[in-house]
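Take a look at the letters that make up each chain.
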Amino acid sequence: MSLTTRVFTALVAGLALGIAIAGSGNATLAAVPGFLDPIGAIWVNALRMTVIPLVVSAILIGITSLPNPKNVGRLGGRTLALFLIVLLVAASFSTIVGRIVLSSVAIDPAAALAWRGGASGEDALRAAQKITTLGQWIVDLIPANPIKAAADGSMLQLIIGTLLFGSAIATLGASSREPLMRVVNAVYEAALALVRWVLVAAPIGVFALTVPLAAKLGIAAAGAVVVYVGAVSAMTLGFTSIFYMMAWLVGRRSIREFARACLPVQAVAVSSRSSLASLPALLDAADTVLHLPSSVRSFVLPLAVATFRPAGAIAIPMGVMFMARLHGVNLDAHQLITITLMAVLTTFSAPGIPGGSIIVMVPVLLAAGLPVDAVGLLIGVDTIPDMVRTVTNVTGDMAVATVLARGQEDSPGLLAHSKADAPGSLSGHVEY
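Residues numbered from 1 in each chain as written. Predicted model: local features only at pLDDT ≥ 70, side-chain atom pairs only at ≥ 80, totals over all residues. Heavy atoms only, no water.

Participant: When you look at the nonpolar core in this model, what are you seeing that I'm missing?
Facilitator: Generally speaking, a soluble globular protein has its nonpolar side chains buried in company with each other. In terms of nonpolar packing, the biggest core is built from 110 residues, with Trp-43, Tyr-228, Val-320 and Met-398 touching the most fellow members. Element by element, the count of residues in this core is highest for helix 13 (residues 221-249), at twelve residues. Ranked by size, the runner-up nonpolar core spans five residues in total, among them Ile-21, Ala-208, Val-211 and Ala-215. (Core = buried A, V, L, I, M, F, W, Y, C linked by side-chain atoms within 4.5 Å. Buried < 20%, exposed > 50% of the residue type's maximum accessible area, 1.4 Å probe, protein only. Helix = DSSP H or I, 4+ residues; strand = E, 2+ residues; numbered from the N terminus.)

Given below as structure tokens:
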């Protein structure tokens, strides 16, 4: 039985047991949630423990492994610039449109109360209501003490500091850079192993979190889950249409032709929930249907599969805003800007493991002053949103390749370089 199946089974079992406890009126059964609460809290704490080493090491690896402009030339710069533009548009789209969508969705007040769990909701409200001037917010972006920023959970400061430090590492000579990056790679692998251990216990953690929730609310607990899954899936799928427009308006391809190229790739994405598994279909369709230059196919598509996650830039703000809605927190303009920027940055550090996009949502929740206790429940219901995210990601991969193919001629040097580098860049990557 796969981890996804086990987690979903634990979610259903937890809801069923909690609903039964809520309707039984039995004093003995009513004590069960009190025993499970600490187990759920321990699992969430273990998940949070992995975030800082995982995110910091992943960002450093990502920056220092970016294509060398001397080798990939103009195409490499255009590719990375387009990635950032699309990610920023995706995160902004999610923040603006998602806020409107969520405000129009009726959420049962009792369901919201059960999800936020009393005291944690009050703590979140107090944290989110801290007023910061725009000038101070800009000053605070550069951490005076990165260690303190990490200890305080100031993740945006920590990420920006890591980006600057990684950029400095990238300028070092190989003799200095390579030993340092071997240590960073070891930290990343260790953090990833720790995350996998924590996720092995995900069924237990999800069950322990779900039973008290359902026991507080009964059958209405499922309503909040349905709202989240429906909202985030609709928003992510809706953004996919923008990629069709990109291919048509900028890439100069007919929507019908682009859709024909994407259809087999999307079918693999839905069934496998893996961008890596979709790469052969991407390469084949880019060649046989769209007839893209080999330099684009061999460089842009592997790089996109490894690093480009527009759906994550949509899902992260949606998840954070949904949590804010449940906690009764009205996010101000500064917090929304922070969420948008962090969504763009953290997509590059999402690990290729089940629930990876939910895990990197943790620092964004912390930056918004929201508790992360619901992360376990979101992992439990992530199957459908994950399928939609992978479809959106692979469609975005094809769209950016189509746009970048305009006016691009094959370069033997680039082709040789990209073929040599592509397998390493994809090692172990699975898009969730």
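Participant: Any chance you could explain the packing of helix 17 (residues 310-326) against helix 22 (residues 383-404) here in plain terms?
Facilitator: The packing of two helices is summarised by the inter-axis angle and the distance between the axes. Where helix 17 meets helix 22, the closest approach of the two axes is 7 Å, and the angle between their N-to-C directions is 140°. Classified by the interaxial angle, the pair formed by helix 17 and helix 22 is oblique. Residues Pro-310, Ala-311, Gly-312 and Ala-315 of helix 17 touch helix 22, and the partners they reach there are Arg-389, Thr-392 and Asn-393. When grouped by side-chain class, the residues that make up the contact of helix 17 with helix 22 number three nonpolar, three polar and one charged. (Axes fitted to C-alpha atoms, helices over the stretch in contact; angles between N-to-C directions. Parallel < 35°, antiparallel > 145°, perpendicular 65-115°, else oblique. Contact = heavy atoms within 4.5 Å. Nonpolar A, V, L, I, M, F, W, Y, C, P; charged D, E, K, R; others polar.)

Participant: Could you clarify how one ought to interpret helix 18 (residues 333-347) in this entry?
Facilitator: An α-helical turn contains 3.6 residues, so any two residues separated by three or four positions project in the same direction. Over its 15 residues, helix 18 runs 22 Å from end to end, which matches the ideal 21 Å to within 8%, given 1.5 Å per residue. Among the residues of helix 18, Gln-335, Leu-336, Thr-338, Ile-339, Thr-340, Met-342, Ala-343, Val-344, Thr-346 and Thr-347 are the ones counted as buried. Measuring from the side-chain oxygen of the N-cap residue of helix 18 to the backbone nitrogen of His-334 gives 3.2 Å; that N-cap residue is Asp-332. (Expected span 1.5 Å × (residues − 1). Polar contact = N/O pair within 3.5 Å; in protein donor to acceptor, adjacent residues only side chain to side chain.)

Participant: I keep staring at the environment of Met-387 and nothing clicks. Help me out?
Facilitator: In this structure, Met-387 sits in helix 22. Sequence separation between Met-387 and Ala-269 is 118 residues; the distance between their C-alpha atoms is 7.0 Å.

Participant: It is not clear to me how a nonpolar patch on the surface should be interpreted in this structure. Could you clarify?
Facilitator: A contiguous nonpolar patch, built from Met-245, Trp-248, Leu-249, Val-250 and Ile-255 and spanning about 420 Å² of accessible area, is present on the exposed surface. It is helix 13 that provides the largest number of residues to the nonpolar patch, a total of three residues. Within the secondary structure layout, Ile-255 lies in helix 14 (residues 255-272). Under the relative-accessibility criterion, Ile-255 is labelled partly exposed at 36%. (Patch = residues over 30% accessible without salt bridge, like charges linked within 9 Å, V, L, I, M, F, W, Y side chains within 5 Å. Areas by Shrake-Rupley, 256 points an atom, 1.4 Å probe, with all protein chains shown as cover. Salt bridge = Lys/Arg side-chain N within 4 Å of Asp/Glu carboxyl O.)

Participant: Help me understand the packing of aromatic side chains in this model?
Facilitator: Under the defined criterion, the tally for this structure stands at four aromatic pairs. The interplanar angle of 10° and the centroid separation of 4.5 Å between the aromatic rings of Phe-83 and Phe-308 together place this pair among those described as stacked. With Phe-83 in helix 5 (residues 69-104) and Phe-308 in the loop between helix 16 (294-307) and helix 17, the pair connects residues that are 225 residues apart, well separated along the chain. There is no split in this pair, since Phe-83 and Phe-308 are both buried. Seen from their ring centres, Phe-93 and Phe-239 are 5.2 Å apart, and the 50° between their planes marks the pair as tilted. Linking Phe-93 in helix 5 with Phe-239 in helix 13, this pair joins segments that are 146 residues apart in sequence. Since its relative accessible area comes to 22%, Phe-93 is described here as partly exposed. Relative accessible area serves as the criterion here: at 1%, Phe-239 is assigned to the buried category. Joined through ring pairs, the aromatic side chains of Phe-93, Phe-239 and Phe-243 make up one cluster. (Phe/Tyr/Trp six-rings, centres within 6.5 Å; stacked < 30°, edge-to-face > 60°.)

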